[in-house]
Structure formats: structure tokens, C-alpha cells
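Structural overview for review
The residues making up each chain are set out below.
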Amino acid sequence: MALLALIKRLQDIMRNDAGVGGDEQRLSQIIWILFLKVFDDKEKEWEFTKEDYKPVIPEGYRWRDWATSTSVKEQMTGEELIDFVNNKLFKALSGDAIKGEKNEEIYLFTNMSKPALLVKEFMRESSNFMKNGVLLRQVINEFDEIDFNDGGDRHAFNDVYETLLKGLQKNNGEFFTPRAITTFVTDKVDPKIGEKVADFACGTGGFLVDALEHMKRQNPTIEQLDIMQKSFYGVEKKQLPYMLCATNMMLHDIEEPDILHGNSLEQDVRKYTDDEKFDVILMNPPYGGSELEIIQKNFPAELRNSETADLFLIEMMYRLNKNGRCGVVLPDGIMFGSDNSKTAIKRKLVEEFNLHTVIRLPESCFAPYTSITTNLLFFDNNGATTETWFYRFDLPEGQKFSMKKNPITREDFSAIDKWWDNRIEMKDEKENNSMTETWKARKVPISEIISSNYSLDFCGFPKEEKIILSPEETIANFKAERERLNQLMDAKLKAILDLLEV
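Note that the coordinates shown come from a computational prediction; the quantities given were computed from them, not determined experimentally.

Here we look at the pairing of strand β8 (residues 354–360)
Walk down a regular strand and you will see the side chains alternate between the two sheet faces. Summarising burial for β8: 6 of the 7 residues are buried, a large majority. In the sheet, β8 pairs with strand β9 (residues 374–380) via 6 bridges, with the strands oriented antiparallel. Bridged to arginine 360 within β9 is asparagine 375. Where β8 meets strand β10 (residues 387–392), 4 bridges bridge the pair, whose relative direction is parallel. Paired with arginine 360 across the two strands is arginine 392, which belongs to β10.

See the structure below:
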């Protein structure tokens, strides 16, 4: 499959349609078509592999019934196709009534199984933007050629899908976390088969898919594959990424994706039961956002503030099982923020959980969509913090990442991989004695974190700040430095004269 060629064909077709405006509408159009195609291919597979399986979608509304045909002449197209999609397909699969031959209301999709509810919610959240039935038929035909039950086609389309997701890299990276980051975090948290994995702001599902693929590399048995079907849970507030995530999970063989469309922060964290907790939590929560006061009331008074990322960190602590593990991407604000709530959140984190590792990321990881510097925090629920390792991810001089031109890769983390299993402290070299002492990697005892009022701003990126000296100290340092340079000049001059035998 020519990946770029397929994407370009889809874009070119929809650009000619007067009803579709902008990349987001184009992607929304692709997603509902893709979802119905994927769902029907999965149902064909289940009909073959599961005894007495009956398709969820009613006859006449399955992809195979209206989108596929043996010849071009039999294909529904033009105004007929637009009328069917707008007035029958969407209404029927949303669970609404359609008009019968005698103008009576007919409810065709009354199934209330979990897969049926997924289809209904998905279609209620979707829209057909295309107005030209001929162009819509062309888009449908592009997808109809793909067999998602064929290993080669499915693998190739997964690559296409990820390329489509990258097309939404905007709004501060809201929809897409670089794959290198999700994979690195997942590798270090190391979810095991049988563990429950969650992402409460899952976006398009990058962390969940990486956790699934990580488990698949553990050579699961057939019984374990069945367990994995129920191992992944996600919540996404925004419509489009929710739809992308549900489809993404199905593309990766999760038959009934447990992905909810809503705001995970709307529930009181103090009321979560053990059944609502997880063994592994992987997240890149939205940051820079502000939550309403009614949402903040779902958190203990001493912890609450309006910052979305802070509230998600609190939720993660309340929903992590005993001995559970967590990896999260967080902005600098929580690291050195000193207001009462941020300090209280960090106190809770180190007093009740083991914050064992913090990786400081270069600010260009999410460029050009945001310049906010981010960090990777790793903690587990098996006791209080006694010490935390900090590591600064330095780039070669002059190099920067760019999600458009030079995206971060998993190989870029190779130095951290080596350090992770053989941790040593690394002090930065100082150009002169007046510069502040800094570290690339350092083990910080909990006593020092507490004495700094729970600041986590260790091993930060070098600043041009210098120690402010008194006039007397400045003059003394100047004299000492002048003496050092004079001695160095004398030594160099002597070496030259010796070479010239003068």
C-alpha cells in the first residue's frame, strides 16, 4: 500500500467537495467511514471464529450491504448515496427512527450490547460533511479496497493511521504525543499481561496502544489474549480524539474498546472504589487549561486548583492500585511551583508514593506546537519516597527536535536507557568558579526535597545566571584569574621559545 499516495488521494477528493472545510473536518469524515469499515471487517472475522455470532449492525446498514458491490454499475452513488447516508444510515446506526415506506417510524437498531452502544455513540458524535455523492463514493471505494483482516493490509494501514493522527498536531500537541515518548515511558513502566492499564485523558490512544503492543511482545497465550481484551481503559473529553482512539484500539484487535467520551475529572476522587483503580497508569494530561470551580470541588480542598495537569496528577494518585506503577508527562509548572496547592500535591506525591525517577525533557520535544518544557515522572504505590533520581536529557549543541521536521525518535533515548539500569551521578563541568554548580544526573534524598519546600526543580537545563559576589570577592577573583592567565601565558611562551631554541 502506498501510504502517502492514499492520504493524498483522500485529501484531494475531499478538497473538491463544497461541504468539507479544513483538515479537522476532512479527518472527521475519514474517521466515521473508517470506523464502519473496520467494524464490519471485525464482524466478518467474528462470524468465522465465534460460534453462532450474529452481526451487531442490522442488515442493510453493514458496510458490506451498502458500501461494497460487485460492479461499479451497482454502486450507490450521487444523490442516492447522500440521501441514504444522511437520512437512513446515520439515523439508524445512532438508534433513531427512520421513515418507512408508509412514512411510519421504524427503529432498526435496538441492540443494547456493548458493541452496539459503541456504534450508536460513535455515530451520534459523527457527521457527514460531504455534499457530493460521487466524491463520497470515491472516498468509500478507497477504503473498500483495504482488508483489515489481512495482516499486511492492516499493518500498512496502521502506519497510514498514525500519519493521519500526526496531521492533528496542533492546539499545543493536544491530540498527539510523540510516539517516541509514549514508547519510552511504556517501556520503563513495563505493563505486564493481566494488569489493568488506564489513561484518563487518552487522546487518540497512543499510550494505550503502546501498552497493548508491549504486552504482545511478552508472547501471550490464547487465554492471556482474552484477558488483554479487558485490560485497557481510556477516557477522552473531546469528540474527535475520542473517535480516533476507539477506532485505533479496534485496529489493534481490541474488540470492544473500553473508551469513554467524557471528562474524567467530573467524578469526586474521594469516592473511587477498588474496582475503579488500576495497576498501570500512563498519561500526558492536557496542560495550560483551566477547570471550572465545580470540577475543582471533586478534589480535597488543600490540593485543588484550576490547572488541568495538576488535577489529573491528583486523580492518578487516587486511582493507582497498591504496588501500581505510573508514568506521566508533566509541564515545568508543577516541578517548581510554590503556591499552597502545588506544594500540597507534591507533598502527597512523595509522602504516599515512591517518586523514583524524573527525566527533564528538552523544550523542543513538542515544538513548534508548544515551547513549554516538560518532564517525565515515574512513581509507584509501594511506599513513601526516600530518594529521587533526576536526569537531564541533553541534546548535542545546535540540535533541536521538531514534530514537523526533526521529530524525537525512540533511539534518541538510548543514552537514558543505558543510564536507567546503571545509575550514576553526573556533575556538569563549570567554565569558571563563578558559575552555579549544576548536575546532569543526581540522586536527591527526600530530606533535600522537603527542605526546598517540595520543589522538584533539580537537574534543570543550564541557565546563564551566575553567583552574585560582593565587590571585595569580585576584585579577589579578578586578581586570581589574572594571575592564572599570566602563568598560562608565560608557560605557553616558554614552550614556543624552547621549540625555536631561542
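Considerations on the confidence of the model for the chain
Across the chain, the average pLDDT comes to 87, with 87% of residues at 70 or higher. Scored below 50 in pLDDT, residues 168–174 makes 13 contacts in the model with residues more than four places away or belonging to other chains.

Considering the sheet that holds β8
Strand order in the open sheet formed by 10 strands is β5-β4-β3-β6-β7-β9-β8-β10-β12-β11, with mixed pairing between adjacent strands. The sheet is open, and its two edges are formed by β5 (258–261) and β11 (426–427), each paired on a single side. Summarising the sheet, β10 and strand β12 (residues 439–445) pair through 5 bridges and their orientation is antiparallel. Along β12, the bridge assignment pairs tyrosine 391 with alanine 441. Across the face of the sheet, helix α11 (residues 239–251) comes into contact with β4 (232–236) and β5 while running at roughly 170° to β5.

Things to note about the packing of helix α4 (residues 78–93) against helix α6 (residues 133–144)
Interhelical geometry of α4 versus α6 gives an angle of 75° and a closest axis separation of 7 Å. As the angle between them shows, α4 and α6 are arranged roughly perpendicular. Contacts between α4 and α6 involve Gly78, Leu81, Ile82 and Val85 on the former and, on the latter, Gly133, Val134, Leu136, Arg137 and Ile140. Partitioning the contact of α4 with α6 into residue classes produces 6 nonpolar, 2 polar and 1 charged.

Topic: unusual backbone geometry
For asparagine 103, which is not glycine, the phi dihedral falls at a positive 65°. Inspection of the secondary structure puts asparagine 103 in the loop between β1 (98–99) and β2 (105–106). By relative accessible area, which is 55% here, asparagine 103 ends up exposed. For tyrosine 454, which is not glycine, the phi dihedral falls at a positive 65°. Looking at where tyrosine 454 falls in the secondary structure, it is placed in the loop between α17 (446–451) and α18 (471–499).

What to know about the pattern of salt bridges
When charged atoms on two side chains of opposite charge get close, those side chains can pair. Taken as a whole and assessed by the stated rule, the structure comprises 30 salt bridges. The shortest N-O distance in the salt bridge between aspartate 417 and lysine 188 comes to 2.8 Å. Taken together, the residues span a long stretch of sequence, with aspartate 417 in helix α16 (residues 414–420) and lysine 188 in helix α8 (residues 179–189) at a distance of 229 residues. Glutamate 315 serves as the salt-bridge partner of arginine 319, at 3.0 Å between the closest nitrogen and oxygen. A relative accessible area of 4% means that arginine 319 is categorised as buried. Accessibility expressed as a relative area gives 0% for glutamate 315, which makes it buried.

Rules of the game
Residues numbered from 1 in each chain as written. Predicted model: local features only at pLDDT ≥ 70, side-chain atom pairs only at ≥ 80, totals over all residues. Heavy atoms only, no water. Buried < 20%, exposed > 50% of the residue type's maximum accessible area, 1.4 Å probe, protein only. Helix = DSSP H or I, 4+ residues; strand = E, 2+ residues; numbered from the N terminus. Pairing = 2+ DSSP bridges. pLDDT = per-residue confidence, 0-100. Contact = heavy atoms within 4.5 Å. Axes fitted to C-alpha atoms, helices over the stretch in contact; angles between N-to-C directions. Parallel < 35°, antiparallel > 145°, perpendicular 65-115°, else oblique. Nonpolar A, V, L, I, M, F, W, Y, C, P; charged D, E, K, R; others polar. Salt bridge = Lys/Arg side-chain N within 4 Å of Asp/Glu carboxyl O.

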